[in-house]
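# Results of the structural survey
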Amino acid sequence: MPATAGQVTADKRLDPQEMVVLHRVFRREIPLLADLVETAAPGDRRRTAVLADHLDLLLGALGEHHEGEDDLLWPKLRERAVPGTDVVVRMAHQHAAVADALAAATELSHDWRARADRDTALRLAEALRALDRCAAAHMDDEEEHLLPLMADHITAREWSEVGERGRRSVPKARLLVFLGAILEDATARERQLFLAQMPAPARLLWRTLGIRLYRRTTTRVRRTGAETPRG
C-alpha cells in the first residue's frame, strides 16, 4: 500500500481489537507484579529470580511493542491520517514518557535480581506502579483516539508486521507463556481469532503443551491458581 493512499479497502481492514487484547496483558501484569515484588521475602533469591524472569518477559515485550509502533506505524499514519496527525504526535510523546518509566523499572529489576533486598524491591514496586499509571493513561488514549485512525489507514498486513517483530523479540522458550498471557482475559471470539492466525502445528503445540506450561508459570509467579486460557 503506497504511503499516499487514503482509507484502506474493506477486505484489508485492520481489526483494532487485537491491540486492545494485547494491552490487557500489560494492564493486568504490571500492577500484579508490583504487588508480588513488594511482598517477596528479602533474601529469597529463588523467588526473586522467578519474578525477575517474568519482568524481563513483560517489560521487554512492552518496549518492543512500542518500538514497533514507532518504526512501522507512526510514519505511515503521519502521511495518511491527515488531519489526525496531532493524535499520532501525542502518541509519540507518550511513548517517550513510557520509555523513561520502562527504563527505570527495568534497571531496578536487574538490580533487584542481583541483590534480592527489601529496599530495592520497594523501589522497584513503586517504579512498576509509576509505569502502570503512565502506560495505562497512554493505552486509554490510544484505544479511544488512535485505533479508529489505524482501522482506516493501516492494513491488517501492516499491523501483522508489528506483531511479527514483537514475536521475534520474545525468546522462543517463552513464546507459549506470552501467548497464554494474551489469551488469559480474551473472550471466546478473541481467542478464536488469535489462534486462527497461527499455523496448525503451532495451535497443536499450544493445546498439547502451552496450556499446561502457562498454568505452571502463573502458579509459580503468582503462587496461586490462575484461570487457564482455553484452547
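Fair warning: this is a prediction, and the values are worked out from it, not measured in the lab.

Gaps left between atoms are located by rolling a probe of water-molecule size over the structure's atoms. Per the stated rule, a full pass over the model turns up one cavity of 30 Å³ or more. A volume near 50 Å³ is recorded for the largest cavity. Looking at the lining of the largest cavity residue by residue, the classes come out as five nonpolar, one polar and one charged.

A few words on the layout of surface pockets. Counted as a void, the largest pocket has a volume near 760 Å³. Contributing to the lining of the largest pocket are 28 residues, with G163, R167, L179, I182 and F194 lying nearest its centre. Of all the secondary structure elements, the ones that give two or more residues to the lining of the largest pocket are helix 1 (17-39), helix 2 (45-80), helix 5 (156-169), helix 6 (175-184) and helix 8 (200-222). Volume-wise, the second largest pocket comes out at about 150 Å³.

Now for the confidence of the model for the protein chain. Per-residue pLDDT for the protein chain averages 90, and the proportion of residues at 70 or more is 91%. Note on residues 1-11: pLDDT under 50 across the span, and 21 contacts to partners over four residues away in sequence or across chains.

Time to look at the environment of H95. The topology assignment puts H95 in helix 3 (residues 85-115). The sequence separation of H95 and E69 amounts to 26 residues, and the corresponding C-alpha distance is 9.5 Å. When neighbours within four sequence positions are excluded, H95 is seen to be in contact with H66, E69, D70, W74, H138 and E142.

Taken together, the side chains of R212, R215, R216 and R220 make up a positively charged region of the molecular surface. Classification of R212 by relative accessible area gives partly exposed; the value is 43%.

Let us now look at the pattern of salt bridges. What the rule picks out here adds up to 22 salt bridges. Here R28 and E184 are joined by a salt bridge, their closest N and O atoms 3.7 Å apart. Residue R28 is located in helix 1, and its partner E184 is located in helix 6; the two are separated by 156 residues in the primary sequence. On the basis of relative accessibility, which here comes to 10%, the residue E184 falls in the buried class. Salt-bridge contacts for R223 lead to D44; the nearest nitrogen and oxygen are separated by 3.9 Å. With a gap of 179 residues between them, R223 in the segment after helix 8 and D44 in the loop between helix 1 and helix 2 connect regions that are remote in the sequence. Through salt bridges with shared partners, a single ionic network connects R28, E29, E184, D185 and R222.

The rules we used
- Residues numbered from 1 in each chain as written.
- Predicted model: local features only at pLDDT ≥ 70, side-chain atom pairs only at ≥ 80, totals over all residues.
- Heavy atoms only, no water.
- 1 Å grid on protein atoms, 1.4 Å probe; cavity = no way out; pocket = protein on both sides within 12 Å on 5 of 7 lines; lining within 4 Å.
- Points joined across faces, edges and corners; volume = space filled by probe spheres on them.
- Nonpolar A, V, L, I, M, F, W, Y, C, P; charged D, E, K, R; others polar.
- Helix = DSSP H or I, 4+ residues; strand = E, 2+ residues; numbered from the N terminus.
- pLDDT = per-residue confidence, 0-100.
- Contact = heavy atoms within 4.5 Å.
- Patch = residues over 30% accessible without salt bridge, like charges linked within 9 Å, V, L, I, M, F, W, Y side chains within 5 Å.
- Areas by Shrake-Rupley, 256 points an atom, 1.4 Å probe, with all protein chains shown as cover.
- Salt bridge = Lys/Arg side-chain N within 4 Å of Asp/Glu carboxyl O.
- Lys, Arg positive; Asp, Glu negative; His and termini not counted.
- Charge placed at Lys NZ, Arg CZ, Asp CG, Glu CD.
- Buried < 20%, exposed > 50% of the residue type's maximum accessible area, 1.4 Å probe, protein only.

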